[in-house]
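Read off the chains here:
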Amino acid sequence: MSPKTQPNIVLRTAEPKDSQVCGQICYDAFSAINIAHGFPCDFPGPEAPIGMLSMMFSSPNFYCVVAESEGRIVGSNCLDERSVIAGVGPITIDPGAQNLGAGRKLMQAVMDRASEKHAAGIRLVQAGFHTRSLSLYASLGFDVREHLACMQGRTQQRSVSGCTVRPAQTADLNACNALSHRIHGFDRGTELEQAIHSGTASVVEREGRITGYATSLAFLGHATAETNVDMKALIASAESFGGPGILVPSRNSDLFRWCLSNGLRVIQPMTLMSVGLYNEPSGAWYPSVLF
Ligand SMILES: CC(C)(COP(=O)(O)OP(=O)(O)OC[C@H]1O[C@@H](n2cnc3c(N)ncnc32)[C@H](O)[C@@H]1OP(=O)(O)O)[C@@H](O)C(=O)NCCC(=O)NCCS
């Protein structure tokens, strides 16, 4: 086999004006890999990733880098710095420039950044069918933590007895952050606060106290709850899930089977991977597509 030609890849910080090109690459890269494996694209069109990257490239909460080859952008990557655990993604390389080393450089850049910022750990979620990303992340030191079933639909059971789900408010932050500490060992308070302000967050109450929260019932949201009962109440409250679906940890057999028996469909397999601090969660939870 001939050795691959290594182009001269130069990295630089992403700027808001890069979001148009990077968003198109993001759409093209996910479309190509998903379609090649018989899965729908994660985005309905290029506008969604362009908008998402425009937000990330402009936000002080995200560290974002682009890779250029011969003066042309060939890919980008982002690091979510909103908690003590940093989240990677989306990382995408132009389909015509893949497998030439740009992805590894973009991953190393965000890992170096996380280390400079003393992040306690780094996490990401990869498409479970994608052999290249799985191999790349594992070789960079990421451990496989959880198999996830991306699920979509509307549960037949519309509520759970004894549980009340309502929009989250700023006054709920302390209780939600304390719950996250108990279950994961850290909180995601900044992310939750932003979700409360944007109106996507919800909490579940049982026996007069908060027993779970979701930043959103969506691909980009995460949820944490004391028990599966509380998590089922959160999931049952949604008419549908934003984006491709929510990421149900399939090792949580009770929750996974409840989702299946309620008519939810598995859209695609995904994998949660981590470097650094990782506590086995001691409750019910689902990650966002970042972690
Ligand atoms: C995943 C992605 C970002 C990787 O970027 P890339 O520039 O193509 O990858 P690189 O060339 O830097 O690295 C790929 C590595 O995986 C290895 N690899 C690829 N397929 C492999 C396989 N089947 N088994 C083992 N190793 C494999 C390559 O040999 C290379 O290893 P090396 O660095 O030791 O030589 C890019 O392919 C992409 O955008 N894919 C589509 C979108 C996507 O899936 N993004 C990730 C979301 S989690």
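Look a little higher up for the structure.
None of these values were measured; they are calculated from a predicted model.

**Notes on the overall build of the protein**
Inference 1: Within the protein, the secondary structure is distributed over eight helices and 14 strands.
Inference 2: Over its C-alpha trace the protein gives a radius of gyration of 19 Å, about what one expects of a compact globule, namely 19 Å for 291 residues.
Inference 3: The principal-axis extents of the C-alpha atoms in the protein amount to approximately 65 × 40 × 30 Å.
Inference 4: Looking at the protein alone, contacts between residues at least 24 apart form 71% of all its contacts between residues at least 6 apart.
Inference 5: When the accessible surface of the protein is totalled, it reaches about 12500 Å², and 53% of it is carbon and sulfur.
Inference 6: Side chains of the protein carry 23 positive and 25 negative charges; the gap between the two charge centres is 4 Å.

**So, the sheet that holds strand β10 (residues 209–214)**
Inference 1: Within the open sheet, the five strands sit side by side as β8-β9-β10-β11-β14. Their pairing is antiparallel. Each edge of the open sheet carries a strand with a single partner, namely β8 (163–167) and β14 (284–286). Going from strand to strand, the sheet's axes swing by 20° on average, the running direction of each strand aside.
Inference 2: In terms of strand pairing, β8 meets strand β9 (residues 202–206) through five bridges, oriented antiparallel. Along β9, the bridge assignment pairs C163 with R206.
Inference 3: Contacting β9, β10, β11 (223–225) and β14, helix α5 (residues 173–184) runs over the sheet at an angle of about 75° to β10.
Inference 4: Against the sheet, helix α7 (residues 228–236) contacts β8, β9, β10, β11 and β14, and its axis sits at roughly 135° relative to β9.

**Description of the site of the ligand**
Inference 1: With respect to spatial proximity, 23 residues lie near the ligand, and among them N99, G103, R104, H130 and R132 are the closest.
Inference 2: Measuring from an oxygen atom of the ligand, one finds a backbone N or O atom of I93 at 2.8 Å.
Inference 3: N99 places a main-chain nitrogen or oxygen 2.6 Å from an oxygen atom of the ligand.
Inference 4: In the complex, the protein chains occlude 75% of the 960 Å² of accessible area that the ligand would expose alone.
Inference 5: Put simply, the parts of the chain that give the shell around the ligand at least two residues each are α1 (19–36), β5 (92–93), α3 (102–116), β6 (121–127) and α4 (131–139).
Inference 6: Counting residues per element, the shell around the ligand draws most heavily on α4, at six residues.

**Some points on the side chain of Q126**
Inference 1: Residue placement: Q126 occurs in strand β6.
Inference 2: A residue is classified by how much of its surface remains accessible, and Q126, at 2% relative accessible area, is buried.
Inference 3: A distance of 3.4 Å separates a polar atom in the side chain of Q126 from the backbone oxygen of H130.
Inference 4: At 2.7 Å, the side chain of Q126 and the side chain of T271 are in polar contact.
Inference 5: In this structure, Q126 is in contact with S133, L134, Y137, M270, T271 and M273, ignoring residues within four places of it in sequence.

About the criteria used
Residues numbered from 1 in each chain as written. Predicted model: local features only at pLDDT ≥ 70, side-chain atom pairs only at ≥ 80, totals over all residues. Heavy atoms only, no water. Helix = DSSP H or I, 4+ residues; strand = E, 2+ residues; numbered from the N terminus. Rg over C-alpha atoms; globule rule 2.2 N^0.38 Å. Contact = heavy atoms within 4.5 Å. Areas by Shrake-Rupley, 256 points an atom, 1.4 Å probe, with all protein chains shown as cover. Lys, Arg positive; Asp, Glu negative; His and termini not counted. Charge placed at Lys NZ, Arg CZ, Asp CG, Glu CD. Pairing = 2+ DSSP bridges. Axes fitted to C-alpha atoms, helices over the stretch in contact; angles between N-to-C directions. Near = heavy atom within 4 Å. Polar contact = N/O pair within 3.5 Å; in protein donor to acceptor, adjacent residues only side chain to side chain. Buried < 20%, exposed > 50% of the residue type's maximum accessible area, 1.4 Å probe, protein only.

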